[in-house]
Amino acid sequence: MAAAQIAVRPAAGPLTLNSDLLINDTTIPPMIPARMPAYTGTPEAEKVDAFMRSLDHPLSDVVAQLRKTLLSFDKKIGEGIYWNAPTFYFTGRMGHFEPKEYKRYIAGLNLFKKDEVRVILLRGASVKDPTGLLEGDHKDGRRLFSITSLADLKSKESALRNIVLQLVRSMN
């Protein structure tokens, strides 16, 4: 693409030598499409692997199984370490959105309590939960539930699958 010439007046001030027009060569940017580009999330499994190797938690076996379970629900679910714990998010194509809306995130784990693993669904308020698994009524749309053992995870897996797949479908 050819360069175009533009004229710019320098700002007035003590360092301005004169007010002659400055001529600069600049490249005209290509036309911007009317639709914003779609962005994809990049899985960071190696970071989660490293986190899991160093995890010192009484329910680390539950965390490991929960990780496998969440990732098995859909191939567009990826993982990374955010908020100091494994977090699961949509890796498919999405349109532009404000980063603070956290639209891409599905679930984050909270490992602060030693007798349970909390699963925080950042957009949990946007899904139907006929089983009543999700708790809380946070203004930002979060809902959560706790898992206390592998048996407890197994008993909640079907409800969790339903909720996660609703979130994934809402992102497509």
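First things first, this report covers the structure right here in the doc.

Cut-offs and rules
Residues numbered from 1 in each chain as written. Predicted model: local features only at pLDDT ≥ 70, side-chain atom pairs only at ≥ 80, totals over all residues. Heavy atoms only, no water. Helix = DSSP H or I, 4+ residues; strand = E, 2+ residues; numbered from the N terminus. Buried < 20%, exposed > 50% of the residue type's maximum accessible area, 1.4 Å probe, protein only. Contact = heavy atoms within 4.5 Å. Areas by Shrake-Rupley, 256 points an atom, 1.4 Å probe, with all protein chains shown as cover. Pairing = 2+ DSSP bridges. Axes fitted to C-alpha atoms, helices over the stretch in contact; angles between N-to-C directions. Core = buried A, V, L, I, M, F, W, Y, C linked by side-chain atoms within 4.5 Å.

**Focus on the overall build of the protein chain**
Each helix and strand in the protein chain was counted, giving three helices and seven strands. Classification of the 172 residues of the protein chain by burial places 38% in the buried group. Taking as baseline every contact in the protein chain between residues at least 6 positions apart, the subset at least 24 positions apart corresponds to 51%. Carbon and sulfur atoms form 55% of the exposed surface of the protein chain, whose accessible area is close to 11,100 Å².

**Some details on the sheet that holds strand β3 (residues 77-82)**
Read from one edge to the other, the open sheet built from five strands follows the order β3-β4-β5-β6-β7, with strand pairing classed as antiparallel. Both outer strands of the open sheet, β3 and β7 (143-147), are each paired with one neighbouring strand and no more. Taking each pair of neighbouring strands and ignoring which way they run, the sheet shows an average axis angle of 25 degrees. The pairing of strand β5 (residues 105-110) with strand β6 (residues 117-121) spans four bridges and is classified as antiparallel.

**Points about the nonpolar core**
Judged by nonpolar contacts, the single largest core of 35 residues is most densely connected at Leu 66, Ile 106, Leu 109, Leu 111, Phe 145 and Val 164. At the level of secondary structure, the elements contributing two or more residues to this core comprise α1 (45-54), α2 (60-72), β4 (85-90), β5, β6, β7 and α3 (150-171). When residues of this core are assigned to their parent elements, the largest contribution, eight residues, is made by α3. In terms of nonpolar packing, the next biggest core, distinct from the first, is built from five residues, Tyr 89, Tyr 105, Ile 120 and Leu 122 among them.

**Focus: unusual backbone geometry**
Trans peptide bonds make up most of the peptide bonds, and negative phi angles are found at most residues other than glycine. Positive phi outside glycine occurs at Trp 83, with the angle close to 55 degrees. Examined against the element boundaries, Trp 83 turns out to sit in the loop between β3 and β4. The phi angle at Asn 84 is positive, at roughly 65 degrees, despite the residue not being glycine. As for its placement among the helices and strands, Asn 84 is situated in the loop between β3 and β4. You can call Asn 84 exposed: its relative accessible area is 66%.

Just distances and angles here, no functional claims.
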